[in-house]
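# Survey of secondary and tertiary structure
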Amino acid sequence: QTLWKMTSAFDIDAPRWDQGTFLGRLRHFLAITDPRLALVPDAELERAQALVQGCRAGLVPPGSSQEQLRYAKTLYDSAFHPDSGERMNLLGRMSFQVPGGMALTGCMLQFYRTVPAVVFWQWVNQSFNAIVNYTNRNAASPISLTQIAVAYVTATGTALATAVGLNLYTKRAPPLVARWVPFVAVAAANCVNIPIMRQQEIIHGILVTDGDGNELGRSRRAAAKGITQVVVSRITMAAPGMIILPIIMERLERLPFMKRIRALHAPLQMLLCGGFLLFMVPAACALFPQRCSLALADLEPELRASIAAKRGDQVPCVYFNKGL
């Protein structure tokens, strides 16, 4: 296919919206977490990848408009890892968080009364979370299968211990309190799962760059900051649905018509979860910049000295991909 050299100043990697503001990041993530993108076939994703790569080289197919290029970049950002450029598995993409999360969260909130149900749904949820955490890690820091297994077992064990323990403890508590147990378990598991899954970043540090993308070294403190922000984002993502929805369901289930249609309780709860996640997934992802920064003064002394020796005072802060 004939390619032509772009003559315009269009930069496909330039953010469409200001990523220095929450609103700009929200608009960006509303685009790439759109659940409809999870249905885009692989062939179209590969075409989008080829178009993005061609545009980066200054070559695009004749007749391509900026809107077509921007849509290709949206597809690319939704399905390809920002570090490795590899296509991510479907379950781990943020565009799958709404359908995947609404099903799992709805089931956890609906089937919370018995220990076997709690164990099963927390296990399924942590399996899903392990896939998401691995997929959205900082790919510049490799992780072994053993470390993945340890992270999975530890997070699942934490979630199960928290959920089962609180489930038994709240037997005599008001029904609403018992409905909040799944959220506590999910929050506790996130605090364990994400740091362990990304432990290599904490041990060896993650790659940091200057404002122009030039590599400066590896920083453990940057890794700690990025992972902490991801944990906060994930808990925030789940919080509204898992805290507010139980209050809504508690009141709805008292209504006469709801008592007659118990079979619809779970589907209704899943649908309402989807409504929360449709906004909370992009909002939580937008809490912190994807390209995170850290002041030079906050880096490890040895890395700070190395950067100062090479670049003097030209680098006030460093940048890195915090993951999602």
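Residues numbered from 1 in each chain as written. Predicted model: local features only at pLDDT ≥ 70, side-chain atom pairs only at ≥ 80, totals over all residues. Heavy atoms only, no water.

Going by an unreviewed UniProt entry, the protein carries the name Sidoreflexin and comes from Nothoprocta pentlandii. Regarding the protein, the UniProt comment filed under Sequence similarities (unreviewed entry) reads as follows: "Belongs to the sideroflexin family." The UniProt entry for the protein carries this comment under Subcellular location (unreviewed entry): "Mitochondrion membrane". (UniProt positions renumbered as here; feature names shortened; annotations may be inferred.)

Moving on, we come to the domain arrangement of the protein. The domain boundaries assigned to the protein delineate domain 1 (22-79) and domain 2 (92-321). Spacing between the C-alpha centres of domain 1 and domain 2 amounts to 26 Å. Contacts between the two partners involve 15 residues from domain 1 and, on the opposite side, 17 residues from domain 2. Between domain 1 and domain 2 the total buried area reaches about 1,200 Å² when both faces are included, carbon and sulfur atoms providing 70% of it. Together, Arg25, Phe29 and Thr33 form the three largest contributors to the area buried by domain 1 at its contact with domain 2, with a combined 40%. Counting the contacts that link domain 1 with domain 2 gives 2 residue pairs in polar contact (both at pLDDT 80 or more). (Domains from an automatic or database assignment. Contact = heavy atoms within 4.5 Å. Buried area = accessible area lost by both parts, 1.4 Å probe. Polar contact = N/O pair within 3.5 Å; in protein donor to acceptor, adjacent residues only side chain to side chain.)

With that settled, the discussion passes to the state of the cysteines. Taken as a whole and judged by the stated rule, the model has 0 disulfides. With no disulfide of its own, Cys317 lies 10 Å from the sulfur of Cys292, the closest cysteine sulfur. (Disulfide = S-S within 2.5 Å.)

Taken as a whole and judged by the stated rule, the model has 10 salt bridges. For Asp34, the salt bridge is made with Arg36, and the minimal N-O distance between the two is 2.6 Å. Since its relative accessible area comes to 17%, Asp34 is described here as buried. Residue Arg36 is classed as exposed on the basis of its relative accessible area, which comes to 62%. In this structure, the salt-bridge partner of Asp77 is Lys73, at a minimum N-O distance of 2.9 Å. With a gap of 4 residues between them, Asp77 and Lys73 both fall in helix H3 (residues 66-79), about one helical turn apart. Sharing partners across several salt bridges, the network here consists of Asp13, Arg56, Lys73 and Asp77. (Salt bridge = Lys/Arg side-chain N within 4 Å of Asp/Glu carboxyl O. Buried < 20%, exposed > 50% of the residue type's maximum accessible area, 1.4 Å probe, protein only. Helix = DSSP H or I, 4+ residues; strand = E, 2+ residues; numbered from the N terminus.)

Before going further, it helps to examine the layout of surface pockets. When its volume is computed, the largest pocket comes out at roughly 1,400 Å³. What lines the largest pocket is a set of 45 residues, and nearest its centre among them are Asp13, Lys73, Asp77, Pro82 and Gln290. Those elements giving two or more residues to the lining of the largest pocket turn out to be helix H1 (22-32), H3, strand E3 (206-209) and strand E6 (317-321). Sorting elements by how many residues they give to the lining of the largest pocket places H3 first, with 6 residues. In terms of residue class, the lining of the largest pocket is built from 19 nonpolar, 13 polar and 13 charged. (1 Å grid on protein atoms, 1.4 Å probe; cavity = no way out; pocket = protein on both sides within 12 Å on 5 of 7 lines; lining within 4 Å. Points joined across faces, edges and corners; volume = space filled by probe spheres on them. Nonpolar A, V, L, I, M, F, W, Y, C, P; charged D, E, K, R; others polar.)

A separate point is the side chain of Gln97. Here Gln97 shows up in helix H4 (residues 97-110). Not counting chain neighbours up to four residues away, the residues in contact with Gln97 comprise Leu91, Met102, Phe128, Val132, Met237, Leu277 and Val281.

Further remarks concern the packing of aromatic side chains. One pass over the full model with this rule turns up 4 aromatic pairs. Each ring, one from Phe96 and one from Phe128, has its centre 6.2 Å from the other, and the planes form 55°; the classification is tilted. Remark: Phe128 occurs in helix H5 (residues 115-135) and Phe96 occurs in the loop between H3 and H4; sequence separation between them is 32 residues. Judged on exposure class, the residue Phe96 and its partner Phe128 are both buried. (Phe/Tyr/Trp six-rings, centres within 6.5 Å; stacked < 30°, edge-to-face > 60°.)

Residues given the UniProt feature "transmembrane region" (unreviewed entry) here are residues 231-249 and 270-289. Between the C-alpha atoms that bound residues 270-289 there is a distance of 30 Å. The span itself is 80% helix and 0% strand.

Attention now moves to the side chain of Gln122. Here Gln122 lies in helix H5. Sequence-distant contacts of Gln122, defined by excluding residues within four places in its chain, comprise Met108, Ala159, Leu160, Ala163, Pro182, Ala185 and Val186.

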